[in-house]
Amino acid sequence: MQNRFHLLFFLLFILPLSLTAQDFNSLEYRTVGPERGGRVTTVTGTAHFPGTFYLGASGGGVWKTDDYGTSWNNISDGFFNTPSIGAIEVATNDPNIIYVGTGSDGLRSNVITGKGVYKSIDAGKNWEHIGLNKTGQIGAIEIDPTDNNTVWVAAIGNAFGANTERGIYKTTNGGKDWDKVLYISDKVGFSDLELLPGNPNIVYAAAWKAERKPWTIISGGKADEGGIYKSINGGKDWVKLEDGLPKDLIGKIDLAVSPVDSSILYAIIEAPGKEGGLYKSVNQGKSFTHISDNKGLVNRPFYYINVELDPTNPDIVYSNANPLLKSIDGGKLWERMSVPHGDNHDIWINPNDPNLLIQCNDGGANVSHNGGKTWSTQFNQPTAELYQVEVDDQYPYWLYAGMQDNSSTIAVPSFPPSGIQNPGTGWIINTGGCETGPGVPKPGNHNIIYANCKGRFSVFDKRTGTEKSYYVGASNIYGHNPKDLKYRFQRVAPIHVSPHNPDIVYHGSQHVHKTSNDGLNWETISPDLTAFEADKQVISGSPITRDITGEEYYSTLYSIRESKVKEGVIWTGSNDGVISVTQDGGKTWKNVTPKKIPKGGRVESVEPSQFNPAKAYIAVDRHLLGDAKPYLYKTDNYGKSWELLSTETNGIPTDYTTRVLREDPVREGLLYVGTEFGVFISFNDGKTWIKFQQNLPVTPITDIKIFRGDLILSTMGRGFWILDNITTLREQAINTLAYTPHVFKPDNIIRYRYPKVSSRVFPNYPRTSVIIDYFIPKGNKDGVQLEIFNDKNESVVTIVSDKKQLKSEVKVVEDMNLSHTFRYVDAKLEDKPGLNRFHWDLSSKGPWTKNEKRRYKNGPMVAPGSYMVKLTVGTKTFTQPFDIVMDPRVEEAGLTKNDIQTQIKMQNKIIDLLSEANQLQSKLEKEVIAAKGEKLDKLKAILKQLKNDEGAYPQQMLVSQISYVLYMISGADQLPGQEATDRYEELKKKFNAIKIEAGH
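Quick caveat: nothing in here was measured; it's all calculated off a predicted structure.

Points about the overall build of the protein
The secondary structure content of the protein amounts to eight helices and 66 strands. The C-alpha radius of gyration computed for the protein amounts to 33 Å, which stays within 12% of the reference 30 Å derived for 1000 residues, consistent with globular compactness. Relative to its 1000 residues, the protein shows a buried fraction of 61%. By sequence separation, contacts in the protein at least 24 residues apart represent 57% of the contacts at least 6 residues apart. Summed over its atoms, the accessible surface of the protein is roughly 39800 Å², and 50% of this surface lies on carbon and sulfur atoms.

Structure representation (structure tokens):
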């Protein structure tokens, strides 16, 4: 009994501690784009450095350019706890001082919460969090131009619920302390504030009653719940400005004060009917005149509304909404400006040169040198907002998603599929549907994409670029009260292909619809599977502006999944909190919503178990109801009972809303969760969770796929990310690593040849490699060695971590001379304690060269087949088998493994000849140094046959000719041509003659 108790203690306490302590930093994610901008909500610049600008993305953090927008670099990663940016301000008197307010002011349903204010004193190299963590969304920041320690913040508040942290805040000591200097109520925040040029003690503030619900947007209230406030004594006292402004309902407001005439104040105001639009005061707000009721000024005001002035002319006014408008007569008449993308949010104009400006929209940020006639590209800022991820089954596989404001679903490759001149931008393709998606490739035929556009189902053919439309219900649902609709579709209405039959596709309204002929005919196979509460079925947008784009339709299906284990077991989740299941293909359904879960949450994902048909997992998101807690549940009895997997103490923070849960298809109980702020994993079926973020930026994880041993993510603000080769996580050894070295079984690798493309840092497309994970215990003082063996147990390559290990082997290698075994040092072969990862590039031994750093490198890619890796740490060795698999595209082209082996055999023959020629040249060059007279002349004559002369365009001599033939047969998988074979024999004959002549 005592021994059993000790064993139980060990299993419950020791193993979890070991697991929690494991460092996964060697397992890095890589981004594959797309390399194009997503939604940017705020931009700014500095007059001190005209080429320097900053952008704040809604889910991508803060980015900086110092070359007028030619390139952008993220400067908030590793510092910010949220990627949602509401305001950026650079100090007028010191361009190194920057303040950032988090939390976007565009209160969409997918808006990401803010987490306070950040400050940099070195132009964005480093950041410090300086408070206001619970203010929610921040609409504006202003820095006193005479004192950069005095800063003002306009806090809109929690987008999804009342909170007392709304208000106007001020610090006079650089953020060490904050005072709330203006507060109306827990439902009224502030969307904007402005300081009077020349007198920063005079402040204007725009109050806004705003709250987002899953079924509506509340923007505005009665006159006492909004409006414009003014202080003339630095925020000690405030008066409300009312003369000439709307008297009844008033909504979102944005302000602008003229830098050249401080008596002039503009305001764009959301108000009913013709009361909305542009207002102007010429007496610092004592009275206002309604200048324009142009509808473009207040188009979707909760999302837009931004007014800015030319810094040199108070009559030149810009309005950011949809579209971007410009007035040159003080706002009476407006002209539309052309920008790279619609849905405009902010603009900053250089005070010394009003033709130099930066503007932002839902496609990114763009710089203009000529007042907006032309703009810089948005295809250099990877801040795409993606709603989901699907993958196809081609080689390499491509990733698909709905991308916010792209007008189509998109696809990008996981690996370079071809040669191209502009990788990154050139490999993003449209795949049907629209921005919300999903785009789901058909298994077995990646050219067919099942796509969605806010409930409109279509079939896109990549070969023709055309799209067939088969809308369920064939009714335009825009603008309708949902209670009157026959079919209610969310803007991200789910599409799911049966894992048992690629011709069967499921599509969700409030019902599950099924087609077996690509949408030509639809069958409804379920009743209404939502809660459908009457008080939630309303026309969205109150009390002033309607807004019905599809995301506000409550009581629709949000996720559909069929069990891979048992055909006909289908799970659904609705956006109002209902989980349902059928075990007979839709003939009968059962509501299996967990009894203890708070009602109304969005069921972001349902995940049938990969191993047990009765088992399933759900991830529920309630942050739109003001509840940011993670909700993860598991059932193993078809939903009769559920277990909560996200307690307050088992690993996921209590404000990390959960968006997606997926189960590993190989190791049962290995779970991956995407939250609002990153990734977590569990090795014990959800009992405990471990942060699995590594180098991944903080951003919402919208979806997860596990495919071909890779963990694939979509994000709401940073595009797609891939963690290559997660097979290590599937081994039980990962949970018990302690005192003994270990090498994990590498995943089988497809033998891709990297196409010839321009070298680029982004997207991150690594060269083909076998990924080898290994563990080194603490206290190890020995170097690390990896050796690869082929199926004949012949050593192909040995890689060591330390030069000392190599020195003792040099003589052996040299004596082996033309053997195809070789050793080299690689600094990337880490010998540090913990989990390490090494990429072997599949290269066998290359030619001998005089340059020791290049000697034996860059040999042929090894043939497909079975291999083994051996890890040596000190005197201990550990082995694991793996396979290198033929590229299916090469096989499809008609090449066989025998053909590749024939090619490699020929390559090695040429490499041997090249090595001999290089060595002979090196020996003769040494002999020339000491030679004199006839011998010197003879050696020089022989060397002229071997090596090229110095200078431009020399005649190519024997060594170069041998290299030329090697190059000729090494660029692709191919059989060597007869010309190459004949030329090799000819060159070998010439070389042998030279050897005889040289006496070697």
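Overview of the nonpolar core
Formed by 35 residues in total, the largest nonpolar core has its most connected members in Ile-788, Trp-840 and Ile-884. For this core, the elements supplying multiple residues, two or more each, are β60 (770-776), β61 (784-789), β62 (795-800), β64 (834-840), β65 (865-873), β66 (876-885) and α5 (897-930). Ile-884 has contacts with Ile-749, Arg-751, Val-770, Trp-840, Leu-842, Val-862, Ala-863, Pro-864, Gly-865 and Tyr-867, leaving out every residue within four places of it along the chain.

Concerning the pattern of salt bridges
Two side chains with opposite charge may pair up if their charged atoms get near one another. The final tally for this structure, using the stated rule, is 46 salt bridges. Close ionic contact of Glu-551 with Arg-108 constitutes a salt bridge, the shortest N to O distance being 3.4 Å. Here the residue Glu-551 occupies a position in the loop between β42 (542-543) and β43 (557-562), and Arg-108 occupies one in the loop between β7 (98-102) and β8 (117-120), the gap between them amounting to 443 residues. In this pair, the class of Glu-551 matches that of Arg-108, namely buried. A salt bridge links Glu-435 to Lys-454; its shortest N-O distance comes to 3.5 Å. In this pair, Glu-435 is assigned in the loop between β33 (429-430) and β34 (439-442) and Lys-454 in the loop between β35 (445-453) and β36 (456-461), connecting sequence segments 19 residues apart.

Considerations on helix α8 (residues 978-998)
For α8, spanning 21 residues, the distance from its first C-alpha to its last is 30 Å, which sits close to the expected 30 Å at 1.5 Å a residue. Of the residues making up α8, those classed as buried are Ala-980, Tyr-984, Leu-987, Phe-991, Ile-994 and Ala-998. Angularly, the buried residues of α8 cover 90° about the axis, an arc narrow enough to put them on a single face. Of the exposed residues in α8, those oriented more than 90 degrees away from the buried face are Gln-978, Lys-989 and Ile-996. Those residues of α8 that are buried lie in contact with α5, α6 (933-946) and α7 (958-968). After α8 finishes, the residue Gly-999 shows a positive phi value of roughly 75°.

Some thoughts on the pairing of strand β32 (residues 409-413)
A large share of β32 lies buried, amounting to five of its five residues. Where burial is concerned, the two faces of β32 agree: the one with Thr-409, Ala-411 and Pro-413 and the one with Ile-410 and Val-412 are both buried. Between strand β31 (residues 398-402) and β32, which pair antiparallel one after the other, the connecting turn spans six residues, and Asp-405 there sits at a positive phi close to 60°. Across two bridges, the pairing between β32 and β33 is antiparallel. The residue of β33 that forms the bridge with Ala-411 is Ile-429.

Some thoughts on the state of the cysteines
Summed over all chains, the structure comprises one disulfide. For Cys-434, the disulfide goes to Cys-453, at an S-S distance of 2.1 Å. Disulfide Cys-434 to Cys-453: torsion about the S-S bond roughly 95°, handedness right-handed. Residue Cys-434 is found in the loop between β33 and β34, and its partner Cys-453 is found in strand β35; the two are separated by 19 residues along the sequence. Residue Cys-434 shares its accessibility class with Cys-453, and that shared class is buried.

Thoughts on the sheet that holds β31
Through backbone hydrogen bonds, the strands of a sheet pair up, either in parallel or in antiparallel fashion. Taken together, four strands build an open sheet; the order of strands is β30-β31-β32-β33 and the sheet is antiparallel. Among the strands making up the open sheet, the edge pair consists of β30 (390-391) and β33. Bridge analysis of β31 against β32 gives five bridges, and the strand direction is antiparallel. Directly across from Gly-402, in β32, lies its bridge partner Thr-409.

Let's talk about the side chain of Thr-768
Looking at the secondary structure, you find Thr-768 in the loop between β59 (749-750) and β60. Among the polar contacts listed, one links the side chain of Thr-768 to the backbone oxygen of Tyr-752, at a separation of 2.8 Å. Beyond its immediate chain neighbours, meaning those up to four positions away, Thr-768 contacts Phe-415, Ile-749, Ile-750, Tyr-752, Arg-753, Trp-840, Asp-841 and Leu-842.

Description of the sheet that holds strand β5 (residues 73-74)
Read from one edge of the open sheet, four strands run β2-β3-β4-β5, paired in antiparallel fashion. Lying at the two open borders of the sheet, with one neighbouring strand each, are β2 (40-45) and β5. Two elements, strand β3 (residues 53-57) and strand β4 (residues 61-65), share five bridges in a ladder whose sense is antiparallel. Each residue of the ladder has a partner; that of Gly-56, found in β4, is Val-62.

Quick word on empty space enclosed by the protein
Within the structure shown, the criterion is met by six cavities of 30 Å³ or more. By volume, the largest cavity is sized at about 430 Å³. If you trace the largest cavity, you find 26 residues lining it, with Tyr-387, Gln-388, Val-492, Tyr-558 and Glu-604 closest to the centre. For the lining of the largest cavity, the secondary structure elements donating two or more residues are β43, β47 (602-608), β51 (658-663) and β55 (701-707). Residues belonging to the lining of the largest cavity are distributed by class as follows: ten nonpolar, seven polar and nine charged.

A few points about the packing of α5 against α7
Between α5 and α7, the shortest axis-to-axis distance is 10 Å and the interhelical angle comes to 160°. In terms of orientation, α5 lies roughly antiparallel with respect to α7. Seen from above, α5 lies across α7 with left-handed handedness. Contact residues: Gln-907, Ile-910, Ile-911, Leu-913, Leu-914, Ala-917, Asn-918 and Gln-921 in α5; Val-959, Ile-962, Ser-963, Val-965 and Leu-966 in α7. Grouping the amino acids of the contact of α5 with α7 by side-chain chemistry returns nine nonpolar, four polar and no charged.

A word on the confidence of the model for the protein
Averaged over every residue, the pLDDT of the protein is 94; residues scoring 70 or more account for 96%. This model gives residues 1-20 a pLDDT under 50, and the stretch forms eleven contacts once residues within four places in sequence are excluded. In this model, residues 807-820 is a region of pLDDT below 50 whose contacts with residues beyond four sequence positions or in other chains number 20 contacts.

Concerning the packing of aromatic side chains
Throughout the structure, instances matching the rule amount to 20 aromatic pairs. Summarising the aromatic geometry, the rings of Phe-24 and Phe-692 are spaced 5.3 Å apart at their centres and angled 70° between planes, so their arrangement reads as edge-to-face. With Phe-24 in the loop between α1 (2-21) and β1 (30-33) and Phe-692 in the loop between β54 (690-691) and β55, this residue pair connects regions lying 668 residues apart in the sequence. The burial state of Phe-24 is the same as that of Phe-692; both residues are buried. For the ring pair Phe-415 and Tyr-754, a centre distance of 5.6 Å and an interplane angle of 80° mean the geometry is edge-to-face.

Some remarks on the pairing of β4
Burial within β4 is extensive, with five of its five residues counted as buried. Between β3 and the antiparallel strand that follows it, β4, lie three residues. Relative to β5, β4 runs antiparallel, the two sharing two bridges. When the sheet's bridge partners are listed, Trp-63 is paired in β5 with Asn-74.

Rules behind the numbers
Residues numbered from 1 in each chain as written. Predicted model: local features only at pLDDT ≥ 70, side-chain atom pairs only at ≥ 80, totals over all residues. Heavy atoms only, no water. Helix = DSSP H or I, 4+ residues; strand = E, 2+ residues; numbered from the N terminus. Rg over C-alpha atoms; globule rule 2.2 N^0.38 Å. Buried < 20%, exposed > 50% of the residue type's maximum accessible area, 1.4 Å probe, protein only. Contact = heavy atoms within 4.5 Å. Areas by Shrake-Rupley, 256 points an atom, 1.4 Å probe, with all protein chains shown as cover. Core = buried A, V, L, I, M, F, W, Y, C linked by side-chain atoms within 4.5 Å. Salt bridge = Lys/Arg side-chain N within 4 Å of Asp/Glu carboxyl O. Expected span 1.5 Å × (residues − 1). Arc of directions from axis to C-beta. Pairing = 2+ DSSP bridges. Disulfide = S-S within 2.5 Å. Polar contact = N/O pair within 3.5 Å; in protein donor to acceptor, adjacent residues only side chain to side chain. 1 Å grid on protein atoms, 1.4 Å probe; cavity = no way out; pocket = protein on both sides within 12 Å on 5 of 7 lines; lining within 4 Å. Points joined across faces, edges and corners; volume = space filled by probe spheres on them. Nonpolar A, V, L, I, M, F, W, Y, C, P; charged D, E, K, R; others polar. Axes fitted to C-alpha atoms, helices over the stretch in contact; angles between N-to-C directions. Parallel < 35°, antiparallel > 145°, perpendicular 65-115°, else oblique. Left-handed = near helix turned anticlockwise from the far one by under 90°. pLDDT = per-residue confidence, 0-100. Phe/Tyr/Trp six-rings, centres within 6.5 Å; stacked < 30°, edge-to-face > 60°.

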